[in-house]
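Results of the structural survey
So the chains spell out like this:
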Amino acid sequence: MSVRRLAPDHVQPASFAFDAANENWADQQIAKYPQGRQASAVIPLLWKAQEQHQGWLPRVAIEAVAKKLDMAPMRVMEIATFYTMFNLQPVGEHFVQLCGTTPCALRGAEAIRKVCEEVIGPQSTVSADGKLSWLEVECLGACCNAPMAQINFDYYEDLTPENFRALLDDLRHGRPTRPGPQNGRSCSEPLGGGETLKDAALYDGTVIGAGDWQARIADQRKAAAEAAAAKAAAEAAAKTAEATPVAVETKPATETAAAGRPKPSEPRQPSGAAQDTPAANGKVSTPKTGTTAASAPAVERPPSPALPRKGGESSGAAGTTAESKPKLLAAARDGKPDDLSLIWGVGPKLATMLNGMGIWHFDQIAAWKAEELAWVDARLTGFKGRATRDDWISQAKKLSTGWRPDSALGDKPVK
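Reading guide: rules and limits
- Residues numbered from 1 in each chain as written.
- Predicted model: local features only at pLDDT ≥ 70, side-chain atom pairs only at ≥ 80, totals over all residues.
- Heavy atoms only, no water.
- pLDDT = per-residue confidence, 0-100.
- Contact = heavy atoms within 4.5 Å.
- Patch = residues over 30% accessible without salt bridge, like charges linked within 9 Å, V, L, I, M, F, W, Y side chains within 5 Å.
- Areas by Shrake-Rupley, 256 points an atom, 1.4 Å probe, with all protein chains shown as cover.
- Salt bridge = Lys/Arg side-chain N within 4 Å of Asp/Glu carboxyl O.
- Helix = DSSP H or I, 4+ residues; strand = E, 2+ residues; numbered from the N terminus.
- Buried < 20%, exposed > 50% of the residue type's maximum accessible area, 1.4 Å probe, protein only.
- Phe/Tyr/Trp six-rings, centres within 6.5 Å; stacked < 30°, edge-to-face > 60°.
- Lys NZ or Arg CZ within 6 Å of the ring centre and 35° of its normal.
- Polar contact = N/O pair within 3.5 Å; in protein donor to acceptor, adjacent residues only side chain to side chain.
- Pairing = 2+ DSSP bridges.
- Axes fitted to C-alpha atoms, helices over the stretch in contact; angles between N-to-C directions.
- Arc of directions from axis to C-beta.
- Parallel < 35°, antiparallel > 145°, perpendicular 65-115°, else oblique.
- Left-handed = near helix turned anticlockwise from the far one by under 90°.
- Nonpolar A, V, L, I, M, F, W, Y, C, P; charged D, E, K, R; others polar.

**Here's the deal with the confidence of the model for the chain**
- When pLDDT is averaged along the chain, the result is 81; 78% of the residues meet or exceed 70.
- Here residues 253-259 is a poorly scored stretch, pLDDT under 50, and it has four contacts once near neighbours within four places are set aside; other chains count.
- A low-confidence stretch, residues 269-319 (pLDDT under 50), is modelled with 43 contacts involving residues beyond four sequence positions or located in other chains.

Below, the structure is given as structure tokens:
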């Protein structure tokens, strides 16, 4: 295959610059990429430079692209020499890229190569009149129509030495040519035309059956839709019937009674069993027949939740922490709030929430008592429990002295 080298110095131009139209086009390509990623436009810019410079890339064009993209020239040189789409040598007005890989080689690409050598000359050289040049390349993806060649931007397929020689003569003398297969076939179908799906009955509907088959299919679809609607209506009616009071009363007690409660009509049930429900004060109500609480069956109950009191405090019920509202500020002192995000576990959203509550400084948090910490913790919407879990009070005491953690996220408390 081809050797990727720059053209000799005696054919290299002294300078290169995009013309006004291509300069504007290049700027539009670069603008597609985010800041710092402009190098991603290197291939489009190299392609446009090649297009402007008579179909090949001189050294100065590669350097100009590197300068425009603020890239090292060697980085752009690596790209230009890697991709065979970039021509590093001068090419003719009609540049022939001949496929020489296995499918084309099996179909006669070697004979086409000999025509190139006879009519144009050695590979990577331009004919004396400047009209033609050629290069053998890797697979161009038209294997069904082998052998083939790409000439400028068009594919010419199903080549033979005779029709290829005539094609080169037409190109050299400016006569019109027809891209695609050169043997008369359409695209990639068999020579002489397709051999399948020739029977019109395969696609005109007649094989489905005699009569008006379209009307029959329409009737079948209509019947299926009506059956589906009837089924949906029956299911909806069944659900409605299940929800009526009569239906609920007739259900077994296990379905209607609340879980864990005794069945009202259960045999041998003590007369007071249905009344043995936990009261708000955690005691068991006893029947009026004189049965004492001590003789009633023991029932385990969870502790009652603390009831909020006026001023934000809560009752000190067992298993709960009393709450007391801490001292809050309407705004930061001197308009200079502390960076609360230096507390481990406090991010921008949580810091904004604390400011909204009136908490702006480390010394505020450092002065909290346990019940004041509980008051704040209970009001951290979406973050409840965070203040206690991450021990904000201890962190704030360190930060209020002027100490700062190594990380902007703070120092994770050691449990």
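**Describing a nonpolar patch on the surface**
- On the surface, I43, W47, F82, Y83, M85 and F153 cluster together to form a nonpolar patch covering roughly 610 Å² of accessible area.
- Of note, I43 is situated in helix α2 (residues 42-52).
- Look at I43 and you get partly exposed, because its relative accessible area is 30%.

**Side note on the packing of aromatic side chains**
- Under the criterion given, the structure shown has three aromatic pairs.
- For the pair F16 and F18, a centre-to-centre distance of 5.5 Å together with 75 degrees between the ring planes defines the contact as edge-to-face. In terms of burial, F16 and F18 fall into one category: buried.
- The interplanar angle of 65 degrees and the centroid separation of 6.3 Å between the aromatic rings of W47 and F153 together place this pair among those described as edge-to-face. In this pair, W47 sits in helix α2 while F153 sits in the loop between β3 (149-151) and β4 (154-157), placing the two residues 106 residues apart along the sequence.
- Looking at W47, the relative accessible area reads 31%, which means it is partly exposed.
- On the accessibility criterion, F153 (63% relative accessible area) is exposed.
- Looking at K48, its charged tip hangs above the ring of W25, at a distance of 4.6 Å from the centre.
- Sitting over the ring of W403, K398 keeps its end group 4.0 Å from the ring centre.

**With respect to the side chain of R185**
- As for its placement among the helices and strands, R185 is situated in the loop between β5 (180-181) and α8 (213-242).
- You can call R185 buried: its relative accessible area is 14%.
- Within the structure, R185 has its side chain in polar contact with the side chain of D158 (distance 2.8 Å).
- Setting aside chain neighbours within four positions, we find R185 in contact with C144, N145, D158, P190 and L191.

**A few points about helix α3 (residues 59-68)**
- For α3, the complete set of buried residues consists of V60, A61, I62, V65 and A66.
- In this structure, the buried residues of α3 make contact with α2 and α4 (73-82).
- Trailing α3 by a residue or two, D70 shows a phi angle of about 55 degrees, which is positive.

**Some words on the pattern of salt bridges**
- Overall, the coordinates contain 15 salt bridges when judged by the stated rule.
- The partner of E23 in a salt bridge is K68, and the shortest N-O contact between them spans 2.6 Å. Of this pair, E23 sits in helix α1 (residues 20-30) while K68 sits in helix α3; the two residues are 45 residues apart in sequence, bridging distant segments of the chain.
- According to the relative accessible area criterion, K68 is partly exposed, its value standing at 27%.
- R113 is the salt-bridge partner of E117, the closest N and O atoms lying 3.5 Å from each other.

**Notes on the sheet that holds strand β2 (residues 132-137)**
- One open sheet accounts for five strands, arranged β2-β1-β3-β4-β5; its pairing is mixed. Each edge of the sheet is formed by a strand with only one pairing partner; in this case those strands are β2 and β5.
- Bridge count between strand β1 (residues 94-99) and β3: three bridges; the pairing is antiparallel. The partner of V96 across the bridge, within β3, is I151.
- Packing against the sheet, helix α6 (residues 109-119) makes contact with β1 and β2, and its axis sits at approximately 150 degrees to β2.

**Concerning α6**
- Residues of α6 that are buried: A109, I112, V115 and C116. Along the axis of α6, the buried residues cluster in a sector spanning 110 degrees; they form a single face.
- Buried-residue contacts for α6 involve β1, α5 (102-106), β2 and α7 (161-172).
- At the C-terminal side of α6, G121 shows a positive phi close to 130 degrees.

**Let's talk about the packing of α3 against α4**
- Packing of α3 against α4 leaves a shortest axis separation of 8 Å and a crossing angle of 120 degrees. Taken as axis vectors, α3 and α4 run oblique relative to one another. Between α3 and α4 the crossing geometry is right-handed. Within the contact between the two elements, α3 uses R59, I62, V65 and A66 and α4 uses P73, V76, M77 and A80.
- By residue class, the composition of the contact of α3 with α4 is seven nonpolar, no polar and one charged.

**Examining the packing of α1 against α2**
- Taken N-terminus to C-terminus, the directions of α1 and α2 make an angle of 165 degrees; their axes are 10 Å apart at the nearest point. Accordingly, the angle class assigned to the pair α1 and α2 is roughly antiparallel. Between α1 and α2 lies a crossing whose hand is right-handed. Facing N22, W25, A26, Q29 and I30 of α1, the residues of α2 in contact are P44, L45, K48 and Q52.

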